[in-house]
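Survey of secondary and tertiary structure
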Amino acid sequence: MPISSATIPDLSTPPLELPADLEPESPLWRFALAFWQQPGVQDTCLALQKQGWSVTRILCAGWLALSGRAFTGVEDATVTEWRDRVTGALRAARKSLPGTAGKYNQLRTGIAGLELEAEQIELALAWRTLMTNNPEQSDMQGRDTLIRTNLAAAAPTSKIDDCASPPLNELATALANFPKGDHQP
């Protein structure tokens, strides 16, 4: 396949500046790891990702709901830029490789590991701003309402299409039933 200008990265873009005190092992990361292991959560999140949703935004919304705080859907520009330039680029590279079997499996697995590390940094960036921008308890009535409202705020657009409703209902149920523990917000 010939190389086109669309496949050559723009090297003139300056590197991202990350805070020196970034905490990759944040409470949000610990929640994400524990929640991801719940039955059906991984498949449901990935189904929404195929529809254009950001899994990290979903995890932020759920984490805040469990701590009784509203998710506004507003992100710091650094989070969005990291997702677009790093996490998204690694995901695109992984998806562009042939299937998991064969001689490209090691490369695909390596990129998947880097993608997970990028998501951890993305959640660390998000955690910093969530602690600053969402410090107050929500005045909304009911945990289930807060969970659903927060998940809706994580949507890629202001209107949630019918295809997203069943997976969102599954995630809302998983969040409502999520066990308390040291990974809780």
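The model shown is predicted, which means the values in this text are computed figures rather than measured ones. (Residues numbered from 1 in each chain as written. Predicted model: local features only at pLDDT ≥ 70, side-chain atom pairs only at ≥ 80, totals over all residues. Heavy atoms only, no water.)

As for the packing of helix α1 (residues 27-36) against helix α3 (residues 55-66)
Stated formally: Axis definition: a line fit to C-alpha positions, over the contact stretch in the case of helices; interaxial angles, taken between N-to-C directions, run 0 to 180 degrees. In this text, helices come from DSSP runs of H or I with a minimum length of four residues, and strands from runs of E with a minimum of two, each type numbered from the N-terminal end. Comment on the angle field: the value is read as roughly parallel under 35 degrees, roughly antiparallel over 145, roughly perpendicular from 65 to 115, and oblique elsewhere. Throughout, a contact is declared for two residues whenever any of their heavy atoms are within 4.5 Å. Residue polarity is assigned by list, with Asp, Glu, Lys and Arg as charged and Ala, Val, Leu, Ile, Met, Phe, Trp, Tyr, Cys and Pro as nonpolar; anything else, Gly included, falls into the polar class.
Contact geometry of α1 with α3 gives a least axis separation of 10 Å together with a crossing angle of 100°. In terms of orientation, α1 lies roughly perpendicular with respect to α3. Touching P27, L28, F31, A32, F35 and W36 of α1 are V55, L59, C60, G62, W63 and L66, all from α3. Considered class by class, the residues forming the contact of α1 with α3 number eleven nonpolar, one polar and no charged.

Topic: empty space enclosed by the protein
The line we're drawing: Two kinds of site are reported from a 1 Å grid over the protein atoms alone, namely cavities, where a 1.4 Å probe fits but cannot get out, and pockets, open sets with protein on both sides within 12 Å along at least five of seven lines, and residues are called lining when an atom falls within 4 Å of a point. Grid points are joined across faces, edges and corners, and a volume is the space filled by probe spheres set on the points.
In the structure shown here, the tally under the stated rule is two cavities of 30 Å³ or more. Empty space within the second largest cavity amounts to approximately 30 Å³. As for the second largest cavity, its lining consists of F31, F35, I58, L59, G62, L151, L171 and L175. Of all the secondary-structure elements, those providing two or more residues to the lining of the second largest cavity are α1, α3 and α7 (165-176). When residues in the lining of the second largest cavity are grouped by element, the largest group, three residues, is from α3. Residue classes in the lining of the second largest cavity are distributed as seven nonpolar, one polar and no charged.

Description of the environment of P179
The criterion, for reference: Buried, partly exposed and exposed residues are distinguished by accessible area as a fraction of the type maximum, computed with a 1.4 Å probe on protein chains only: under 20%, between the cut-offs, and over 50%, respectively.
Among the secondary structure elements, P179 is positioned in the segment after α7. The exposure class assigned to P179 is partly exposed, which follows from its relative accessible area of 39%. For the pair P179 and A34, spaced 145 residues apart in the sequence, the C-alpha separation amounts to 9.6 Å.

Digging into the layout of surface pockets
Approximately 500 Å³ is the volume found for the largest pocket. What lines the largest pocket is a set of 20 residues, and nearest its centre among them are W36, Q42, L46, L116 and E119. Contributing elements (two or more residues each) for the lining of the largest pocket: α1, α2 (41-50), α3, α4 (77-96) and α5 (105-133). Here the second largest pocket is characterised by a volume of approximately 160 Å³. Around the second largest pocket, the lining is made up of 14 residues, and of these W53, S54, R83, R91 and E122 lie nearest the centre. Counting only elements with at least two residues in the lining of the second largest pocket, the list comes to α3, α4 and α5. No other element matches the six residues that α4 contributes to the lining of the second largest pocket. The residue makeup of the lining of the second largest pocket, split by class, is two nonpolar, seven polar and five charged.

Everything listed is a geometric property; what it means functionally is a separate question.
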